[in-house]
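# Breakdown of the fold
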Amino acid sequence: MPDLARVLVGFGRALRAEGLAVGTGDMLTFCRAAARLDPADLVDVYWAGRLTLVRRREDIARYDVVFRRCFLDADDAPPEFATLTATLESGAVLSLPESGNPGEEQETPHAAGLAASTVDSLRYKAFGACTPDELAAIRRMTVRLGLTPPRRRTRRSRPARTGPIADLRATVRESLRLSGEPARLHRRRRRVRPRPLTLVLDVSGSMADYSRALLQFAYSAGRATTHVEVFCFGTRLSRITDELRTRDVDEALDRAAKAVFDWDGGTRIGASLAEFVRTWGRRGRCRGGIVVVCSDGLDRGDPDVLARAVERLARLCHRLVWTNPHPGGDSLGLSVVRPHVDVLVSGQDLRGLEELAALLPALERS
């Protein structure tokens, strides 16, 4: 830890040089926080410093610039960061080389900026073209994927400092407490609650390279909000919501794989979606919610059955999103469902899943 502490202290000095008020007590708190979390993880180091060293909102931008310069850009880094190496071992790992004699010249290992380039290359690399080690790294990044659940405004309102609704009752009550003196106008705004989110994943043979990554995305969505239902289908529909409600991600994925009997089998998209609408959609699960279907559209069934099922599903839910891992190709199934789909996104790489996660909150009022 001495080398790590020296790096963290150097980062605090760089912040102080940029004008941030960083004291000795702040640096002690920062070092304790980094050690408590994971000092070998760039994400944990970033948030530990931001929560302990940044006091004003206007300092966040300067903090981001200094952090990027110190930990992700070796060209402009201060001298104490010149030998800092970042590798993609478990998310983003910091490894500090052993200190040698001061007079000896040491060859600088891989620059820290290579970690960022490696992460970016993995984000844009298709799941089917990744090696097992790269898939393991993508799995760790997918589990940490931040997902904000979609929300909707209800008819009920709540007190607020600012809002479009005037709270006359609270205003008059405060005026009576002031013996009739004019009181400030109280406001209210409408409450928000999470929208139901339903993920329907294709786990057939044509989706073998992408089904596990999509299942990990569903696990991250389930950890972000409780209003999530997850279904899988190949030749028949299977509900795996309960199997994914496990704290350990590997155990959750293993339980889900055992619950789906037709994994890597045939594809009957139309019949599976028709069963979903008949058994779950009409019960109210889809009403007012967002349904995300992840499939390549390679259906062996009747295209008319698929068209009718997707049309009914689009009428039941608030928004219907279709994720296609093969954005370059247009199968017969996709051409049939395209008129009924609100949004069509790519799901072939991690960047596509990140776009899907950013898209869901934007659908709350659309």
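Whatever comes next refers back to the structure up there.
Below: a short report on this structure.

About the criteria used
- Residues numbered from 1 in each chain as written.
- Predicted model: local features only at pLDDT ≥ 70, side-chain atom pairs only at ≥ 80, totals over all residues.
- Heavy atoms only, no water.
- Buried < 20%, exposed > 50% of the residue type's maximum accessible area, 1.4 Å probe, protein only.
- Helix = DSSP H or I, 4+ residues; strand = E, 2+ residues; numbered from the N terminus.
- Pairing = 2+ DSSP bridges.
- Phe/Tyr/Trp six-rings, centres within 6.5 Å; stacked < 30°, edge-to-face > 60°.
- Expected span 1.5 Å × (residues − 1).
- Arc of directions from axis to C-beta.
- Axes fitted to C-alpha atoms, helices over the stretch in contact; angles between N-to-C directions.
- Contact = heavy atoms within 4.5 Å.
- Core = buried A, V, L, I, M, F, W, Y, C linked by side-chain atoms within 4.5 Å.
- Patch = residues over 30% accessible without salt bridge, like charges linked within 9 Å, V, L, I, M, F, W, Y side chains within 5 Å.
- Areas by Shrake-Rupley, 256 points an atom, 1.4 Å probe, with all protein chains shown as cover.
- Salt bridge = Lys/Arg side-chain N within 4 Å of Asp/Glu carboxyl O.

What follows concerns the pairing of strand β6 (residues 197-202). Taken across its six residues, β6 has six buried, putting it largely inside the fold. The alternating pattern of β6 places Leu 197, Leu 199 and Leu 201 on one face and Thr 198, Val 200 and Asp 202 on the opposite face, and all of these are buried. Sheet topology places β6 next to strand β7 (residues 228-233); six bridges connect them, and they run parallel. Opposite Leu 199, over in β7, you have Val 230 as the bridge partner.

By the definition in use, this model includes 11 aromatic pairs. Each residue in the set Phe 11, Phe 30, Tyr 46, Trp 47, Tyr 63, Phe 67 and Phe 71 is aromatic and connected to the rest through ring pairs, giving one cluster.

Our next topic: the environment of Val 9. For Val 9, the location among the structural elements is in helix α1 (residues 2-17). Of the residues examined, Val 9 reaches a relative accessible area of 30% and is grouped as partly exposed.

So, on to the sheet that holds strand β3 (residues 151-160). Taken in spatial order, the three strands of this open sheet run β3-β5-β4, and their pairing is antiparallel. Only two strands of the sheet have a single neighbouring strand rather than two, namely β3 and β4 (165-166). Bridge count for β3 against strand β5 (residues 187-194) is seven bridges, and the pairing is antiparallel. Each residue of the ladder has a partner; that of Arg 151, found in β5, is Pro 194.

Before going further, it helps to examine helix α4 (residues 60-72). End to end, α4 covers 17 Å across 13 residues, agreeing with the expected 18 Å (1.5 Å per residue, within 8%). Residues of α4 that are buried: Tyr 63, Val 66, Phe 67, Cys 70 and Phe 71. Relative to the axis of α4, the buried residues are bounded by an arc of 105° and lie together on one face.

Ordered by their spatial adjacency, six strands build an open sheet running β8-β7-β6-β9-β10-β11, and the pairing between neighbours is mixed. Lying at the two open borders of the sheet, with one neighbouring strand each, are β8 (237-239) and β11 (343-346). When strand polarity is set aside, the average angle formed by the axes of neighbouring strands in this sheet is 20°. Summarising the sheet, β6 and strand β9 (residues 290-294) pair through five bridges and their orientation is parallel. Bridging across to β9, Leu 201 finds its partner in Cys 294. Where helix α11 (residues 303-316) meets the sheet, it contacts β9 and β10 (319-324), and its direction lies at approximately 135° from that of β10.

Attention now moves to the nonpolar core. With 41 residues, the main nonpolar core has Leu 201, Leu 215, Ile 240, Leu 244, Val 292, Val 321 and Leu 360 as its most contacted residues. At the level of elements, α6 (132-143), β6, α8 (211-224), β7, α9 (249-259), β9, β11 and α13 (350-362) are the ones that each hand at least two residues to this core. The leading source of residues in this core is α8, at seven residues.

Among the surface-exposed residues, Val 43, Trp 47 and Leu 51 lie close enough to one another that they form a single nonpolar patch of about 320 Å² accessible area. Inspection of the secondary structure assignment puts Trp 47 in helix α3 (residues 42-53).

One pass over the structure, following the stated rule, counts 12 salt bridges. Residue Arg 56 pairs with Glu 58 through a salt bridge whose shortest N-O separation is 3.7 Å. Taking relative accessible area as the criterion, Glu 58 reaches 52% and is therefore assigned exposed. The salt bridge partner of Glu 355 is Arg 351, with a shortest N-O separation of 3.7 Å. Taken together, the residues span about one helical turn, with Glu 355 and Arg 351 both in helix α13 at a distance of four residues. Among the residues examined, Glu 355 registers a relative accessible area of 41% and is labelled partly exposed. Of the residues examined, Arg 351 reaches a relative accessible area of 28% and is grouped as partly exposed. Connected via shared salt-bridge partners are Arg 56, Glu 58, Asp 59 and Arg 62.

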